[in-house]
Amino acid sequence: MAKKKTITRDQIITYYMHHVLEHDENPKSVYTFSKANNFEEALFYKHFASFEAIEKGIFEAFFSNSMSLLDKSDDYKIFDARNKLLGFYYTFFENLTANRSYVIHVLNKHKNSLKGLKVLSGLKEHFTAYINNLGIQTLDLKQEKLEKIQDRALRESAWLQLLLTIKFWIDDTSPSFEKTDIFIEKSVNTSFDVLDTAPIKSVIDLGKFLFKEKINMN
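Remember, predicted model here, so these are calculated numbers, not experimental data. (Residues numbered from 1 in each chain as written. Predicted model: local features only at pLDDT ≥ 70, side-chain atom pairs only at ≥ 80, totals over all residues. Heavy atoms only, no water.)

*Asks:* Tell me what's going on with the overall build of the protein, and back it up with residues and numbers.
*Replies:* Across its full length, the protein holds 11 helices and 0 strands. Reading the helices (α) and strands (β) of the protein from amino to carboxyl end gives α-α-α-α-α-α-α-α-α-α-α. When each of the 218 residues of the protein is scored for burial, the buried share is 36%. Considering only contacts within the protein whose residues lie at least 6 apart along the sequence, 70% involve residues at least 24 apart. Accessible surface for the protein amounts to roughly 13500 Å². Of this, 54% is attributable to carbon and sulfur atoms. (Helix = DSSP H or I, 4+ residues; strand = E, 2+ residues; numbered from the N terminus. Buried < 20%, exposed > 50% of the residue type's maximum accessible area, 1.4 Å probe, protein only. Contact = heavy atoms within 4.5 Å. Areas by Shrake-Rupley, 256 points an atom, 1.4 Å probe, with all protein chains shown as cover.)

Structure (structure tokens):
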């Protein structure tokens, strides 16, 4: 049989996931993987430098596929930041659940140390950019350096929350992973309640008022 003269990135990802699910292990080498799927080894390197790069690309694809679905929703477009993030979580974890066997294979042995996992680095880049563009209201600190620190803290805390949710989902044994849905709702809502700047601004305004009145009285 003549070998394929071209192959797409998505085809390689599909072949790779099928191999992992069928054999419960990564392919032994790019050469044997390419040969088993009837394409030249050189074609592999046009898209990926290694199997680790494929794994990274798969988690990026989970994010991209989730966003593509959300972008087709008219309701999502008019949601506020809180409900957009909830929508993202539910859609993203539907994608993970549809590929649970593969995700468990890749992440289960690292579930207690997901933070520095290279395979999730691409997902982190996309997700934190998404958080940055959600328009989440934060304090107006009137100082660029402080606002940059605040924005970075927001992105990092959101990323840690996503990792915590992934770990919860990995360990979830409830039917249809309903406990993960509950966890998502409670954790996202709690995060936004903590970020709610209105009460903080009221306290600051009260403090300014009292300070001003004290000066005037003296």
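Structure's up, so let's keep going.
*Asks:* Describe the side chain of T165, listing the residues and the values that go with them.
*Replies:* Relative to the assigned elements, T165 resides in helix α9 (residues 144-171). T165 sits in the buried class, given a relative accessible area of 0%. Here Q161 takes part through its backbone oxygen, which lies 2.8 Å from a polar atom of the side chain of T165. Look past the residues within four positions of T165 in its chain and what remains in contact with it is Y89, F93, T180, F183 and I184. (Polar contact = N/O pair within 3.5 Å; in protein donor to acceptor, adjacent residues only side chain to side chain.)

*Asks:* Could you give an account of the packing of helix α1 (residues 9-23) against helix α7 (residues 100-107), with specific residues and numbers?
*Replies:* Direction vectors running N to C along α1 and α7 enclose 75°, while the axes themselves pass 10 Å from each other. With respect to α7, the axis of α1 lies roughly perpendicular. Contacts from Y16, M17, V20 and L21 in α1 reach S101, Y102 and H105 in α7. Among the residues making up the contact of α1 with α7, the classes are represented as 5 nonpolar, 2 polar and no charged. (Axes fitted to C-alpha atoms, helices over the stretch in contact; angles between N-to-C directions. Parallel < 35°, antiparallel > 145°, perpendicular 65-115°, else oblique. Nonpolar A, V, L, I, M, F, W, Y, C, P; charged D, E, K, R; others polar.)

*Asks:* Pulling in residues and values, what's your account of the pattern of salt bridges?
*Replies:* As enumerated under the stated definition, the model contains 3 salt bridges in all. The shortest N-O distance in the salt bridge between K167 and D171 comes to 3.1 Å. Taken as a pair, K167 and D171 lie in helix α9 at a separation of 4 residues, close to a single helical turn. Here K167 falls in the partly exposed class, since its relative accessible area comes to 26%. For D171, a relative accessible area of 35% translates into the label partly exposed. (Salt bridge = Lys/Arg side-chain N within 4 Å of Asp/Glu carboxyl O.)

*Asks:* Describe the packing of aromatic side chains, and please don't skip the residues or the numbers.
*Replies:* As enumerated under the stated definition, the model contains 25 aromatic pairs in all. Plain terms: the ring middles of F44 and Y45 are 5.3 Å apart, the flat faces sit at 80° to each other, and that makes the pair edge-to-face. Looking at F44, the relative accessible area reads 0%, which means it is buried. Judged by its relative accessible area of 42%, Y45 falls in the partly exposed class. Taken together through their ring pairs, the aromatic side chains of F63, F88, Y89, F92, F93, F127, Y130, W159, W169 and F177 make up a single cluster. Directly above the ring of Y76 sits K84, whose terminal nitrogen or CZ lies 5.6 Å from the centroid. (Phe/Tyr/Trp six-rings, centres within 6.5 Å; stacked < 30°, edge-to-face > 60°. Lys NZ or Arg CZ within 6 Å of the ring centre and 35° of its normal.)

*Asks:* Which residues make up the environment of W159, and what values do they have?
*Replies:* Tracing the backbone through its elements, the reader meets W159 in helix α9. Overall, the relative accessible area of 1% leaves W159 in the buried class. Once you skip the residues sitting within four places of it in the chain, W159 turns out to touch K115, L120, L123, K124, F127 and T128.

*Asks:* Now, about unusual backbone geometry: what can you tell me, with residues and values included?
*Replies:* Positive phi values are uncommon outside glycine, yet D24 reaches one of about 55°. With respect to the helices, strands and loops of the structure, D24 is situated in the loop between α1 and α2 (30-36). Its identity as a non-glycine residue notwithstanding, S176 has a phi of 55°, on the positive side. One can find S176 in the loop between α9 and α10 (178-195). With a relative accessible area of 70%, S176 lands in the exposed category.

*Asks:* Now, about the packing of helix α4 (residues 51-71) against α7: what can you tell me, with residues and values included?
*Replies:* Two elements in contact, α4 and α7, have axes separated by 12 Å at closest approach and are oriented at 135°. Taken together, α4 and α7 sit at an angle that is classed as oblique. At the point where α4 passes α7, the crossing takes the left-handed sense. Across the interface between the two elements, E55, I58, F59 and F62 of α4 pack against Y102, V103, V106 and L107 of α7. The residue makeup of the contact of α4 with α7, split by class, is 7 nonpolar, no polar and 1 charged. (Left-handed = near helix turned anticlockwise from the far one by under 90°.)

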